[in-house]
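Reading the structure
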Amino acid sequence: MKKKLVLWTMSVLMGLSLVACGSDKPAADNKDKTPTEEAGKSTGEVANKDKPLVWYNRQPSNSSTGELDMTAMNFNKDTYYVGFDANQGAELQGTMVKEYIEANIDKIDRNGDGVIGYVLAIGDIGHNDSIARTRGVRKALGTAVEKDGNIDSTPVGTNTDGSAKVVQDGKLEVNGKSYTIRELASQEMKNSAGATWDAATAGNAIGTWSSSFGDQIDIVASNNDGMGMSMFNAWSKENKVATFGYDANSDAVAAIAEGYGGTISQHADVQAYLTLRVLRNALDGVDIDTGIGTADDAGNVLSKDVYVYKEAERSYYALNVAVTADNYKDFTDSTKVYEPVSKQLDESKHASKKVWLNIYNSADNFLSATYQPLLQNYDDLMNLDIDYIGGDGQTESNITNRLGNPGQYDAFAINMVKTDNAASYTGLLNQ
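Predicted, not measured: the structure shown is a model, and the values here were computed from it.

Conventions used here
- Per chain, residue numbering runs from 1 following the sequence as it is written.
- Only residues with pLDDT of at least 70 get local features here, since the model is predicted, and only at 80 or more are side-chain atom pairs given and counted; chain-wide, interface and lining totals rely on the full set of residues.
- Computation of side-chain values: all heavy atoms of the structure, hydrogens and water removed.
- Pairing between two strands requires that DSSP report at least two bridges joining them.
- In this description a helix means any DSSP run of H or I spanning at least four residues, a strand means any run of E spanning at least two, and both kinds are numbered starting from the N terminus.
- Contacts are residue-level and defined by heavy atoms, with any inter-residue pair within 4.5 Å sufficient.
- Confidence scores labelled pLDDT are given residue by residue by the predictor and lie between 0 and 100.
- What counts as an axis is a line fitted to C-alpha atoms, over the stretch in contact for a helix, and the angles between N-to-C directions run from 0 to 180 degrees.
- Roughly parallel covers angles under 35 degrees, roughly antiparallel covers those over 145, roughly perpendicular covers 65 to 115, and oblique covers all other angles.
- By definition, any crossing whose near helix is turned counterclockwise from its far helix by less than a right angle is left-handed, and any crossing with a clockwise turn is right-handed.
- Only Asp, Glu, Lys and Arg are considered charged in this grouping, and only Ala, Val, Leu, Ile, Met, Phe, Trp, Tyr, Cys and Pro are considered nonpolar; every other residue, Gly among them, is considered polar.
- Each residue's exposure class comes from its accessible area (1.4 Å probe, protein chains only) as a fraction of the maximum for that residue type: buried when under 20%, exposed when over 50%, partly exposed otherwise.

1. Considering the pairing of strand 12 (residues 307-310)
As defined by bridge partners, strand 12 adjoins strand 13 (residues 315-318) across four bridges and the pair is classed as antiparallel. Along strand 13, the bridge assignment pairs Lys 310 with Ser 315. Count of turn residues in the strand 12/strand 13 antiparallel hairpin: four residues, of which Arg 314 carries a positive phi of about 50 degrees.

Printed below as a string of structure tokens:
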């Protein structure tokens with residue numbers, strides 16, 4: 001045993017001597033690397049700034065204007081964004097609500113005043129997806145008001161008399177009768193700690209709104225299912241008021257059988273696949289379209305009707321599907337991998353790689369209950385060893401403080417708290 005210890009000690013000292021004599025990098029760059037990394041078998045040969053990076057779910061952008069942060073999108077040659085077509089999905093949600101009103105016009109006006117009143121839960125006033133969904137509902141229902149060339153997505157507060165400036169009363173004619181559509185109330189669902197898309201806040205809001213407006217509320221709309229289900233369980237279900245969300249979370253899909261009006265599947269199964277696939281392709285040094293638009297060596301490939309790629313934005317967008325009483329049984333398992341891309345990659349051809357991936361808020365229902373389980377199903381198929389980091393939904397530092405040693409990873413997948421804060425991450429990778 002002593003002989004083995006002496007030999008091991010000598011080999012370590014010799015290794016350290018060689019590193020000290022032969023390395024062009026300062027000691028600070030090497031201190032956290034494992035022997036495997038130093039041997040060039042993992043990340044030792046690639047600078048952090050050159051490693052594959054995918055932004056997902058929250059696109060780097062100006063939270064006030066929505067303008068893409070192309071500096072972040074072009075961080076290096078292997079940087080991409082994966083999300084979904086927000087505008088297509090938003091319009092689909094608005095259309096779903098409108099069609100429900102038309103199909104149920106004989107019973108939906110609960111107090112018979114000729115005004116179809118709705119309330120709207122807004123997730124994050126600075127998030128492009130939230131902005132798009134608010135606009136989509138208002139556009140479809142005719143309550144939209146333009147501001148600076150776009151539909152105003154500002155929360156209305158309360159608007160029982162229809163006098164608000166950020167929305168207007170819409171008009172809908174069904175079966176020869178004219179109805180007024182009015183946004184009675186809307187607010188950003190932000191809790192006291194600063195977390196947005198907050199389900200508990202939405203549950204409290206519907207309590208306040210129902211006390212104030214009572215049977216004036218004919219429809220409940222939400223920017224996502226987490227908030228939608230909170231309002232449904234707190235009030236809508238008992239009062240038989242249709243509630244519409246977004247994300248096709250499993251509990252929301254199941255609730256359609258109990259009166260939940262509908263939701264939108266943003267093809268999380270396709271998004272999760274793309275999130276890891278673009279990293280896998282970059283790590284393998286193959287064409288980025290491999291296993292996406294072009295079949296890989298295992299036969300994985302996506303059809304063109306489930307995603308689009310916008311080269312100028314370096315972004316992959318999954319397409320959305322409306323989930324209603326007509327088709328909800330097809331969406332009951334939100335964590336099932338998408339069959340066309342469910343084949344295992346050969347590890348001898350696609351060596352295991354280590355990835356750092358964060359979830360901006362570990363309490364977010366869609367990300368924690370749908371997206372992360374999907375990622376965990378796909379990571380094995382793609383031979384990716386992923387460290388999953390859960391944030392608090394409030395501060396970027398809660399996440400970035402746990403990216404203290406990027407040198408031990410081969411690639412990164414980043415889900416920001418705020419879309420403006422890409423530099424908080426790229427700054428760490430540039431060090």
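Here the narrative resumes, following the displayed structure.
2. A closer look at the environment of Gln 59
Inspection of the secondary structure puts Gln 59 in the loop between strand 1 (53-56) and helix 4 (70-73). Between the C-alpha atoms of Gln 59 and Met 416, which are 357 residues apart in sequence, the distance is 8.3 Å. Not counting the four nearest positions on each side in its chain, Gln 59 is found in contact with Leu 68, Tyr 81, Glu 313, Ser 315, Tyr 317, Met 416 and Thr 419.

3. A word on the confidence of the model for the protein
Summary statistics for the protein give a mean pLDDT of 90 and a share of 90% for residues scoring 70 or more. Per-residue pLDDT stays below 50 along residues 1-42; that stretch engages in 20 contacts with residues further than four places along the chain or on separate chains.

4. Quick look at the sheet that holds strand 2 (residues 79-84)
Strands sit in the order 12-13-2-1-17-15-16 across an open sheet of seven strands; the sheet is mixed. In this open sheet, the two strands that pair with only one neighbour each are strand 12 and strand 16 (384-390). In this sheet, adjacent strand axes meet at a mean angle of 20 degrees when their direction is disregarded. Strand contacts of helix 11 (residues 268-284): strand 1, strand 2, strand 12, strand 13, strand 15 (353-359), strand 16 and strand 17 (411-414), with the helix running at about 170 degrees to strand 2, the strand carrying the most contacts. On the sheet, helix 12 (residues 365-381) packs against strand 1, strand 2, strand 15 and strand 16 and is oriented at approximately 165 degrees with respect to strand 16.

5. Description of the packing of helix 11 against helix 12
Running from N to C, helix 11 and helix 12 cross one another at 50 degrees; their axes reach a closest spacing of 9 Å. The pairing of helix 11 with helix 12 is recorded here as oblique in orientation. Seen from above, helix 11 lies across helix 12 with right-handed handedness. Contacts between helix 11 and helix 12 involve Ala 268, Asp 269, Gln 271, Ala 272, Tyr 273, Thr 275 and Leu 276 from the first element and Phe 366, Thr 370, Tyr 371, Leu 374, Leu 375, Tyr 378 and Asp 379 from the second. Partitioning the contact of helix 11 with helix 12 into residue classes produces nine nonpolar, three polar and two charged.

6. Some words on unusual backbone geometry
We note that Asp 148 has phi near 55 degrees; this positive angle belongs to a residue other than glycine. The residue Asp 148 is located in the loop between strand 4 (146-147) and strand 5 (150-151) in this model. With relative accessibility at 76%, the residue Asp 148 sits in the exposed group. The phi torsion at Asp 247 lies on the positive side, around 125 degrees, for a residue other than glycine. Along the polypeptide, Asp 247 turns up in the loop between strand 10 (243-244) and helix 10 (250-255).

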